[in-house]
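Residue-level listing of the chains:
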Amino acid sequence: MNSAVPPVSPAPAIVAAPAVIKLTFEADSWVQIIDANQQRVFYDLGKEGTSRTLQGVPPLQVVIGYSPGVKIEYNGVPFDQSRFERGDRASFVLGKAVGAN
């Protein structure tokens, strides 16, 4: 009887079409975006008057330090994060499921 246990390999990275996120900063705000592979897509202070276009594998975990100062487009569609705000901060997930967000 062979009692050998097959080696355990690490979980494969999630492979999916990347989502496109555009951040437009109307005020300085710290933003963190982490994708499904636990990779930092963005982790920085966005400066007023700038914008950034990013890609990441959904779902994307988003934290915004000053949410009223940031406009978001997700795959070309404006996203209203105001319902996730607690004070000036917002925390939410984009792309939870097909058709979500």
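Computed from a prediction, not measured in an experiment: that's the story for all the values here.

Definitions and cut-offs
- Residues numbered from 1 in each chain as written.
- Predicted model: local features only at pLDDT ≥ 70, side-chain atom pairs only at ≥ 80, totals over all residues.
- Heavy atoms only, no water.
- Salt bridge = Lys/Arg side-chain N within 4 Å of Asp/Glu carboxyl O.
- Helix = DSSP H or I, 4+ residues; strand = E, 2+ residues; numbered from the N terminus.
- Buried < 20%, exposed > 50% of the residue type's maximum accessible area, 1.4 Å probe, protein only.
- Pairing = 2+ DSSP bridges.
- Axes fitted to C-alpha atoms, helices over the stretch in contact; angles between N-to-C directions.
- Phe/Tyr/Trp six-rings, centres within 6.5 Å; stacked < 30°, edge-to-face > 60°.

> Could you clarify how one ought to interpret the pattern of salt bridges in this entry?
A side chain of one charge can pair with a side chain of the opposite charge if their charged atoms are brought near each other. The tally for this structure, following the rule as stated, stands at one salt bridge. Residue Lys47 pairs with Asp28 through a salt bridge whose shortest N-O separation is 3.8 Å. You can see Lys47 sitting in the loop between β3 (40–46) and β4 (51–56) and its partner Asp28 sitting in the loop between β1 (19–25) and β2 (29–34), a full 19 residues away along the chain. Residue classification places Lys47 among the partly exposed positions, given a relative accessible area of 46%.

> How should I be thinking about the sheet that holds strand β7 (residues 77–79) in this particular structure?
Working definition: the strands of a sheet are paired by backbone hydrogen bonds and lie parallel or antiparallel to each other. Within the open sheet, the four strands sit side by side as β4-β1-β6-β7. Their pairing is antiparallel. Two strands close off the open sheet at either side, each with one partner strand: β4 and β7. Each neighbouring strand pair of the sheet contributes to a mean axis angle of 25°, computed without reference to strand direction.

> Sorry, what's going on with the packing of aromatic side chains here?
Two measures describe an aromatic ring pair: the distance that separates the ring centres and the angle between the ring planes. Per the counting criterion, the structure on display carries five aromatic pairs. Consider the rings of Trp30 and Tyr43, whose centres lie 5.0 Å apart with planes at 85°: the pair is edge-to-face. Remark: Tyr43 occurs in strand β3 and Trp30 occurs in strand β2; sequence separation between them is 13 residues. When its relative accessible area of 37% is taken as the criterion, Trp30 is described as partly exposed. An angle of 10° between the planes, with centres 6.2 Å apart, marks the rings of Phe79 and Phe84 as stacked. Put simply, the rings of Phe79, Phe84 and Phe92 pair up and form one aromatic cluster.

> How do you make sense of the pairing of β1 when you look at a structure like this?
Consecutive side chains of a regular strand alternate in pointing toward one face of the sheet and then the other. Side-chain alternation along β1 places Ala19, Ile21, Leu23 and Phe25 on a buried face and Val20, Lys22 and Thr24 on a face that remains uncovered. When β1 meets β4, the two strands line up antiparallel, connected through six bridges. Counterpart to Ile21 in the pairing with β4 is Leu54. Here five bridges tie β1 to strand β6 (residues 70–74), and the two strands are oriented antiparallel to one another. Bridged to Leu23 within β6 is Ile72.

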